[in-house]
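Here's the letter readout for the chains.
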Amino acid sequence: MFTRNLRVFFRRYSQTCTFRTSELSPAQHSENQIGMFYTIDKNLCKQLFGHGGLPKSYMKQTKTFTETTLMVRLPALDIMNCIKNTDFDKPVVRYVLYGEKGSGKSLTMAHLLHYAHEQEFLIVHVPWVSEWLRRVPRHKEMANSPTREGFVDLPLDAAAWLLHFKTQNQTLLKNPDLKISKEYTWSKRESTAEGAPLLELVELGIARVKYACDVIDALVYEIKLLSNNKRCKTFVAIDGFNTFFYPLTRLRTPTKRTVAPEEVSLTTSFLTLTKNDWTNGVVVVTADQLAVPEDHQESYLPKYLLYKKGFEHLDPFVPIEVGRYSEREFLTCASYYRDRLWLRGPSELEDELKFTSACNPYKFMELCAPL
């Protein structure tokens, strides 16, 4: 009995000592830190994810834990290693994160965003495409595009995204080399002169909401041009990318006609950015079952979720699967939860939780909540 208790003690002690890593720089993470948690600075977290990017359930957990931590996992390390060895003179490489629901695709994206910020990439991040096309609250504002016939604008969503872009890149946008290449005329009285700072274009879209969608279209064009001219490196990250290719949205015109994704101006802008006709950049997207209705969630594979049109749009791409926790990751996560008092009880409880959660990160977190 004494030997058994001693063995349990040393097992829990060793886990407690190894669930955190002191290495806070994503660029320095390696396979030695797989399964360990690292802490993101509070101010940096607000800058990168203050306007979205972290799942709501995870945000509640960070408030409970009074800190924002991410686990170092192999899918993120694989993409970081690929980026480090990328020839940026060649067309952009597209990476597709996929996996079953709750496996950690969005948090893997968050880890990569932290890495991109640290490496001084210009970040173009869409936290969740379904917020535009699938979620339709009462305040959702739609308008016919004044510049593109047959297209629908989402001006409030576009202005909110521009604010997110400005916040994430607040330091880089002060770079005097980031200038626009031509004059943009918005009305008889309003225009943006050639050679104006890129930040001026962004701020106009935030201040003049009716032009926000056209500003994003111009911004995409300018970012691709700046990247091609080696003025900046660009990191494109889009969560729930497969929503762009689901046949219908929940948007409806005043005549009750359902709007197709390709009729939304924001769709056109970001599909243009995810083509591989430009250089000096990286594109990472997720294909997520939660981004489409339940009757289209039979498989989590990209070929199924992206449909033929989306698959051909991204082809060729590098698929990266985000799987369930490994044995090491599960034990490390359990140790972290115990440290945060999210999980209590005898150590034998972990074996039961491992079985009932099937090592799915989200299910494990949910099962621990009432314990």
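Residues numbered from 1 in each chain as written. Predicted model: local features only at pLDDT ≥ 70, side-chain atom pairs only at ≥ 80, totals over all residues. Heavy atoms only, no water.

In the annotation of an unreviewed UniProt entry, the entry for the protein reads Small ribosomal subunit protein mS29, and the organism field reads Danaus chrysippus. Reading the Sequence similarities (unreviewed entry) entry of the UniProt record for the protein gives the comment "Belongs to the mitochondrion-specific ribosomal protein mS29 family." Looking at the protein in UniProt, the text filed under Subcellular location (unreviewed entry) is "Mitochondrion". (UniProt positions renumbered as here; feature names shortened; annotations may be inferred.)

Visitor: Looking at this structure, I do not really get the packing of aromatic side chains. What am I missing?
Guide: Aromatic rings considered in pairs are described by the distance between their centres and by the relative angle of their planes. In this structure the tally under the stated criterion is 20 aromatic pairs. Each ring, one from F88 and one from F121, has its centre 6.1 Å from the other, and the planes form 55°; the classification is tilted. Of the two residues, F88 is situated in the loop between α4 (74–84) and β3 (93–98) and F121 in the loop between α5 (105–118) and β4 (122–126); the sequence distance between them amounts to 33 residues. Between F330 and F364, the aromatic rings sit 4.5 Å apart at their centres with planes inclined by 35°, giving tilted as the arrangement. On the criterion of sequence distance, the pair formed by F330 in helix α13 (residues 327–339) and F364 in helix α15 (residues 361–368) is long-range, its members being 34 residues apart. Note on accessibility: F330 and F364 belong to one class, buried. An aromatic cluster is built from F19, F37, F65, F330, Y336, Y337, W342 and F364, whose rings are joined through pairwise contacts. (Phe/Tyr/Trp six-rings, centres within 6.5 Å; stacked < 30°, edge-to-face > 60°. Helix = DSSP H or I, 4+ residues; strand = E, 2+ residues; numbered from the N terminus. Buried < 20%, exposed > 50% of the residue type's maximum accessible area, 1.4 Å probe, protein only.)

Visitor: Explain the confidence of the model for the protein here, please?
Guide: Low-confidence regions, as indicated by low pLDDT, have predicted coordinates that should not be scrutinised in detail. Mean pLDDT over the protein stands at 92; residues scoring 70 or higher make up 94%. Contacts of residues 1–17 to residues separated by more than four positions or lying in other chains number 11 contacts, the stretch itself having pLDDT below 50. (pLDDT = per-residue confidence, 0-100. Contact = heavy atoms within 4.5 Å.)

Visitor: Looking at this model, I keep getting lost on the state of the cysteines. Mind explaining?
Guide: Two cysteines form a disulfide when their sulfur atoms are joined by a covalent bond. Summed over the entire model, instances satisfying the criterion amount to zero disulfides. In this model C368 remains outside any disulfide bridge; the closest cysteine sulfur is found in C333, 7.1 Å from its own. Under the relative-accessibility criterion, C368 is labelled buried at 0%. (Disulfide = S-S within 2.5 Å.)

Visitor: What exactly am I supposed to notice about the nonpolar core here?
Guide: Side chains of nonpolar character tend, in soluble globular proteins, to be buried together. Counting residues in each nonpolar core, the largest one holds 58 residues, and the members touching the most others are W161, F244 and F270. Of all the secondary structure elements, the ones that give two or more residues to this core are β4, α6 (130–133), α7 (155–168), α8 (198–207), α9 (212–228), β9 (234–238), α10 (265–273) and β10 (281–287). Here this core takes nine residues from α9, the largest share from any one element. Once residues within four sequence positions are removed from consideration, W161 is found in contact with V124, H125, V126, W132, I216, L219 and F270. (Core = buried A, V, L, I, M, F, W, Y, C linked by side-chain atoms within 4.5 Å.)

Visitor: Any chance you could explain the sheet that holds β9 here in plain terms?
Guide: To summarise the sheet geometry, strands pair through backbone hydrogen bonds and adopt either a parallel or an antiparallel arrangement. Taken in spatial order, the five strands make up an open sheet running β4-β9-β10-β3-β11, and their pairing is parallel. Two strands lie at the open edges of the sheet, namely β4 and β11 (318–321), each paired on one side alone. Taken pair by pair, the neighbouring strands of this sheet meet at an average axis angle of 15°, ignoring direction. The sheet contact formed by β3 and β10 spans six bridges and is parallel. Bridge pairing in β10 links Y98 to A287. Against the sheet, α10 makes contact with β4, β9 and β10, and its axis sits at roughly 135° relative to β4, the strand it touches most. (Pairing = 2+ DSSP bridges. Axes fitted to C-alpha atoms, helices over the stretch in contact; angles between N-to-C directions.)

Visitor: Which parts of the structure should I look at to understand the packing of α7 against α8?
Guide: Packed helices, taken two at a time, are described by their axes: the angle between them and the distance between them. Relative to each other, α7 and α8 sit at 145°, their axes nearing to 8 Å. Once α7 is placed against α8, the crossing between them reads as left-handed. In contact with A159, L162, L163, F165 and K166 of α7, α8 contributes L199, V202, E203, G205 and I206. Of the residues contributing to the contact of α7 with α8, the split by class is seven nonpolar, one polar and two charged. (Left-handed = near helix turned anticlockwise from the far one by under 90°. Nonpolar A, V, L, I, M, F, W, Y, C, P; charged D, E, K, R; others polar.)

Visitor: Any chance you could explain the pattern of salt bridges here in plain terms?
Guide: Under the counting rule described, the total for this entry stands at 18 salt bridges. Measuring nitrogen to oxygen at the nearest pair gives 3.3 Å for the salt bridge that ties K230 to D89. With K230 in the loop between α9 and β9 and D89 in the loop between α4 and β3, the pair connects residues that are 141 residues apart, well separated along the chain. Residue D89 is classed as exposed on the basis of its relative accessible area of 54%. We note a salt bridge from K354 to E327, for which the minimum N-O separation is 2.1 Å. Remark: E327 occurs in helix α13 and K354 occurs in helix α14 (residues 349–357); sequence separation between them is 27 residues. (Salt bridge = Lys/Arg side-chain N within 4 Å of Asp/Glu carboxyl O.)

Visitor: How should unusual backbone geometry be read in this particular structure?
Guide: Note: most residues except glycine have negative phi, and most peptide bonds are trans. Here D315 and P316 are connected by a cis peptide whose omega angle stands at 0°. Within the secondary structure, P316 is located in the loop between α12 (307–314) and β11. The backbone of N280 sits at a positive phi, close to 65°, despite the residue not being glycine. The residue N280 is located in the loop between α10 and β10 in this model. The class of N280 is buried, set by a relative accessible area of 6%. Here Y307, not a glycine, exhibits a phi torsion of approximately 60°, which is positive. Inspection of the secondary structure assignment puts Y307 in helix α12.

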